[in-house]
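# Per-entry structural report
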Amino acid sequence: MTKTYDIAVVGASNSVGEAIISLLEERAFPLGTLYPLDSEATVGDTVLFKGRPLLVTNLTEFDFSLVQIALFSTRDEIAARYLSKAAEAGCIVIDGTASSSLDEAVPMVVPEVNPERVADYKASKIISLPSPASSALLLALKPVYDAVGIERINVVSLQSVSGSGQQAVEELAQQTARLLNGQKVEKNIFPHQIAFNVFPQVGQFCENGATEQEMLLSSEIHKVFENDCIKVNATCVQLPVFYGHSMAIHIETRERLEVNDVRKLIRKTAGIKLIDKPESAKYPTPVDNGVGSDEVLVGRIREDISHPFGLNLWIVSDNVRKSSALNSVQIAELLIKDYI
């Protein structure tokens, strides 16, 4: 008889939580009882699992000793309040928020990049995920990093509004509709109008002039690659795109690597898909092939004409499905396969 595991999904009502629940079904996870949780759940709230509605339980009332694994996809401030409570109750926490990302006692895992670090969960009972942007970048650069090393990363991260939650998605939709009808827009989530606009701010600004998201990218790259010597320069830009993050990446490697060799490395790396025929306008975009994909998509690989060891890449990933929900479920799969 197949062993089953009881799972809690914290943030079950948001887009990442819904994607986690969908993936648990799609990947035939050996599930015993599924507990959908939300901090703002009200009586009668439900999520669909295997075609049937499941009641969402209010997070404040839940006993985490009932489950072996808890997958967190809620707001950072909510996660900060309940992560330790869940771990102290005996379950293993997979944290898809930023609450534990900089805690040195908590391993940070991208399943296709450093799966061996799952073994380090025992000290804190928590495993953290990098932000969706960092997850995609780390996976795309992993084969190059392993082959020749990377000295410097310059990245412009073009982020969809879904990274800021469902209210941000609704704000973009509402502003677009109002502008198309000749009406004035209202803004609540973003500091500027987001519809038909672009601005270089994701998160709050730090004292050094960088945003929190830009600093997080740097810290998470260092943590997952276990290399603080990589120089990272990031700019995060908010786009009027509903789903799917994109990035223009410029790297300097320790040794020269030919473009065709990069393509070969990517083709044989799990979790990455190469779409790179620019002469026929074939490169990844969020709308054409990014949203709904279980892979990080890479294209426009070319030499940096300004640096002898420089390379340029363009990457796209579904920030909700691949870089958040699927990473969480894959870590849970690693846990039950090798550790619990």
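Conventions we followed
- Residues numbered from 1 in each chain as written.
- Predicted model: local features only at pLDDT ≥ 70, side-chain atom pairs only at ≥ 80, totals over all residues.
- Heavy atoms only, no water.
- Pairing = 2+ DSSP bridges.
- Helix = DSSP H or I, 4+ residues; strand = E, 2+ residues; numbered from the N terminus.
- Contact = heavy atoms within 4.5 Å.
- Axes fitted to C-alpha atoms, helices over the stretch in contact; angles between N-to-C directions.
- Core = buried A, V, L, I, M, F, W, Y, C linked by side-chain atoms within 4.5 Å.
- Buried < 20%, exposed > 50% of the residue type's maximum accessible area, 1.4 Å probe, protein only.

## Considerations on the sheet that holds strand 7 (residues 92-95)
- With parallel pairing, the six strands of this open sheet are ordered in space as 5-2-1-6-7-8. Each edge of the open sheet is held by one strand with a lone partner, namely strand 5 (57-58) and strand 8 (126-128).
- With five bridges joining them, strand 1 (residues 5-10) and strand 2 (residues 31-38) adopt parallel strand pairing. Bridging across to strand 2, Ile7 finds its partner in Leu34.
- Lying over the sheet, helix 2 (residues 76-88) contacts strand 6 (69-72), strand 7 and strand 8, oriented at roughly 155° with respect to strand 7.

## Here we look at the sheet that holds strand 14 (residues 310-317)
- The strand order across the open sheet formed by six strands is 10-9-11-14-13-12, and the pairing between neighbours is mixed. Strands at the two margins of the open sheet, each flanked by one partner only, are strand 10 (231-238) and strand 12 (272-274). Within the sheet, the average angular offset between the axes of one strand and its neighbour, ignoring direction, is 25°.
- Across three bridges, the pairing between strand 12 and strand 13 (residues 296-303) is parallel. Within strand 13, the position partnered with Ile272 by the bridge is Val296.

## Description of the nonpolar core
- With 40 residues, the main nonpolar core has Ile153, Ile249 and Ile251 as its most contacted residues.
- When residues of this core are assigned to their parent elements, the largest contribution, 10 residues, is made by helix 3 (residues 132-148).
- Sequence-distant contacts of Ile249, that is, excluding residues within four places in its chain, are made with Leu137, Leu141, Ile153, Asn154, Val155, Leu311, Asn312, Leu313 and Ile315.
- Val16, Ile69, Ala332 and Leu335 belong to the second largest nonpolar core, which has 34 residues in total.

## So, the environment of Glu252
- Its location among the elements puts Glu252 in strand 11 (residues 245-253).
- For the pair formed by Glu252 and Ser13, sequence separation is 239 residues and the distance between their alpha carbons is 41 Å.
- Those residues in contact with Glu252 that lie beyond four places of it in its chain are Ile150, Glu151, Arg152, His307, Phe309 and Gly310.

## Digging into the environment of Ile153
- With respect to the secondary-structure elements, Ile153 resides in strand 9 (residues 150-159).
- For Ile153, a relative accessible area of 0% puts it in the buried group.
- Linking Ile153 and Ile249, residues 96 residues apart in sequence, is a C-alpha distance of 7.1 Å.
- Not counting the four nearest positions on each side in its chain, Ile153 is found in contact with Leu137, Leu141, Ile221, Ile230, Lys231, Val232, Asn233, Ile249, His250 and Ile251.

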